[in-house]
Amino acid sequence: MYKNGHYKKNFQRQEYVQIGLDLSKNNGLISKQNIERTASALLSFRKGLKEQDVDYVIPIATSAVRDAINQKEVIYDLKDQSGLYFNVLTGPEEGFFSYLGAQSYMHIPNGLFFDLGGGSMEVMHIQDYKIVKTVCAELGVLRLSEKFIEFDQYKNSDKFISRLDYGKLEKTISKNMPLRTQFKLDKSHELKLVAIGGTARSIYKFISKVFVLNLPFSHHHVFLEKRMIDLTNSIFSALSLHEMSNLRFVDPQRSKTITAGSFVLKILMEKLNFDTMFICPTGIREGVLEHYLYFRMDKKYRKRKKFIEINCEPIIVINNNANKKYPKHSSSSSSPATASANSNSYAFPRRLESFKVNKLLAE
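The residue numbering used here restarts from 1 in each chain and proceeds along that chain's sequence as written. In view of the model being predicted, local features appear only for residues whose pLDDT reaches at least 70, and side-chain atom pairs are presented and counted only at 80 or more, with totals across whole chains, interfaces and linings using the full set of residues. In computing side-chain properties, one takes all heavy atoms of the structure into account and sets aside hydrogens as well as water.

### With respect to the overall build of the protein chain
- The secondary structure listing takes helices from DSSP runs of H or I that are at least 4 residues long and strands from runs of E that are at least 2 residues long, numbered from the N terminus. For the protein chain, the helix and strand inventory stands at 14 helices and 15 strands.
- Buried, partly exposed and exposed residues are distinguished by accessible area as a fraction of the type maximum, computed with a 1.4 Å probe on protein chains only: under 20%, between the cut-offs, and over 50%, respectively. In the protein chain, which comprises 363 residues, the share counted as buried stands at 49%.
- Across the protein chain, contacts joining residues at least 24 apart in sequence account for 71% of those joining residues at least 6 apart.
- Computed with a 1.4 Å probe, the accessible areas rest on the Shrake-Rupley method; for each residue, only the protein chains presented here act as cover. For the protein chain, the accessible surface area stands at approximately 19,300 Å², while carbon and sulfur atoms represent 50% of it. By definition, residues are in contact when any of their heavy atoms lie within 4.5 Å.

What follows is the structure, given as structure tokens:
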């Protein structure tokens with residue numbers, strides 16, 4: 001990290017622990033098995049912190065932990081087993097940090113940015129770099145895949161073939177997809193659609209590897225046309241999950257969820273009336289880092305981060321779903337503004353809790 005807020009990425013590692021696996025089947029409970037699998041990965045990460053000369057770590061948890069009935073148990077179990085205490089992000093916060101990470105690379109003033117994850121999707125309307133509105137939808141690819149997977153028995157055999165129920169999947173996505181009318185879109189601005197997240201990047205990778213196409217670029221941005229998404233969706237829909245797992249250029253870990261993802265992208269472009277979609281290589285991790293660094297920069301450098309500066313005024317969000325509890329921010333980690341007296345309201349963006357690695361390793 002440099003004093004002017006720039007940074008260089010030296011190392012990256014990823015594990016597909018899928019902590020939210022079978023969340024709906026378990027009536028909203030994250031299983032002990034999923035917690036143990038996640039804790040094991042975290043312990044493995046911890047070993048590498050000292051080797052990479054890391055000073056601070058900022059643990060975050062998103063939709064699976066956010067939606068879990070046993071959220072507190074999960075957080076404290078992971079703390080006991082790994083020493084890491086997680087900041088549980090609300091839906092709007094998840095979208096906020098994803099947007100910051102995307103904008104640090106894209107520099108697009110007006111458009112719709114959407115973050116497609118495993119449990120949820122956040123769509124943000126951006127006007128002159130400012131988040132005007134965020135809509136959260138339960139359209140995560142893992143959530144959808146688990147809900148609509150069906151098992152059919154082979155004829156005269158004890159073996160089963162698994163595939164998605166595409167009809168029900170498409171109807172559910174269409175029903176829950178945010179509409180263009182939900183956003184006050186200014187026709188005078190040239191709006192771009194920007195995709196954030198691993199699913200969109202995986203679909204782009206598949207298209208670029210399989211088809212000998214000169215994929216269009218706009219400056220240093222890459223984008224996909226609607227016809228490419230439609231064609232990819234048709235290919236994925238014709239394959240069973242077993243066939244998908246053996247498909248070249250699709251990560252085996254994503255083979256279970258990428259078909260549902262292709263449906264989400266196709267329907268989203270149709271509903272929001274876009275012919276092209278930009279693919280962003282950065283996301284929530286970079287957004288958390290950008291936000292962390294911003295408050296450690298000199299004022300003269302902060303001015304270069306307009307996309308952060310104009311989004312740092314605390315926003316009060318009213319939660320209409322009384323069943324979902326959002327975090328109460330302590331004075332040490334929250335923004336200067338306080339939430340209203342309404343128990344179902346909260347303020348964001350907040351300062352996320354960070355932890356010193358040397359203290360963590362000493363435990």
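Moving on, there is more to tell.
### A look at the packing of aromatic side chains
- Here the aromatic set is Phe, Tyr and Trp, taking the six-membered ring for Trp, and pairing holds for ring centres within 6.5 Å; pairs whose planes are under 30 degrees apart are stacked, those over 60 apart are edge-to-face, and all others are tilted. Counted by the stated rule, this structure contains 8 aromatic pairs.
- Consider the rings of Tyr76 and Tyr85, whose centres lie 5.9 Å apart with planes at 50 degrees: the pair is tilted.
- A residue is classified by how much of its surface remains accessible, and Tyr76, at 46% relative accessible area, is partly exposed.
- Judged by its relative accessible area of 32%, Tyr85 is partly exposed.
- Seen in terms of ring centroids, Tyr166 and Phe263 are 5.7 Å apart; in terms of plane orientation they differ by 15 degrees. Their pairing is stacked. Of this pair, Tyr166 sits in helix 6 (residues 166-176) while Phe263 sits in helix 10 (residues 258-272), and the two are 97 residues apart along the sequence. A single burial state applies to Tyr166 and to Phe263, both of which are buried.
- Placement of a positive charge over a ring is assigned whenever Lys NZ or Arg CZ falls within 6 Å of the ring centre and within 35 degrees of the normal to the ring plane. A cation over a ring is seen here: Arg180 above Phe274, with NZ or CZ 5.6 Å from the ring centre.
- Directly above the ring of Tyr294 sits Arg302, whose terminal nitrogen or CZ lies 5.0 Å from the centroid.

### Let's talk about the confidence of the model for the protein chain
- The pLDDT score gives, residue by residue, the confidence of the prediction method on a 0 to 100 scale. Confidence in the prediction for the protein chain averages 84 pLDDT; 85% of positions are at 70 or higher.
- Within the model, the stretch residues 153-160 combines pLDDT values under 50 with 9 contacts to residues more than four positions away or in other chains.

### Section: the side chain of Thr38
- Note on placement: Thr38 falls in helix 1 (residues 32-51).
- For Thr38, the residues in contact, after removing those within four places along its chain, are Val17, Ile19 and Leu78.

### Brief notes about the pattern of salt bridges
- Whenever a carboxyl oxygen of Asp or Glu lies within 4 Å of a side-chain nitrogen of Lys or Arg, that contact is scored as a salt bridge. Counting across every chain of the model gives 17 salt bridges.
- Notably, a salt bridge pairs Glu190 with Lys192, separated by 3.6 Å at the nearest N-O pair.
- Here Lys226 ties to Asp230 by a salt bridge, and the two come within 2.7 Å at their closest N and O atoms. Here Asp230 and Lys226 lie together in helix 8 (residues 226-237), a separation of 4 residues that amounts to about one turn.
- Since its relative accessible area comes to 14%, Lys226 is described here as buried.
- Given a relative accessible area of 25%, Asp230 falls into the partly exposed group.
- The network of salt bridges with common partners includes Glu170, Lys226, Asp230, Lys266 and Glu270.

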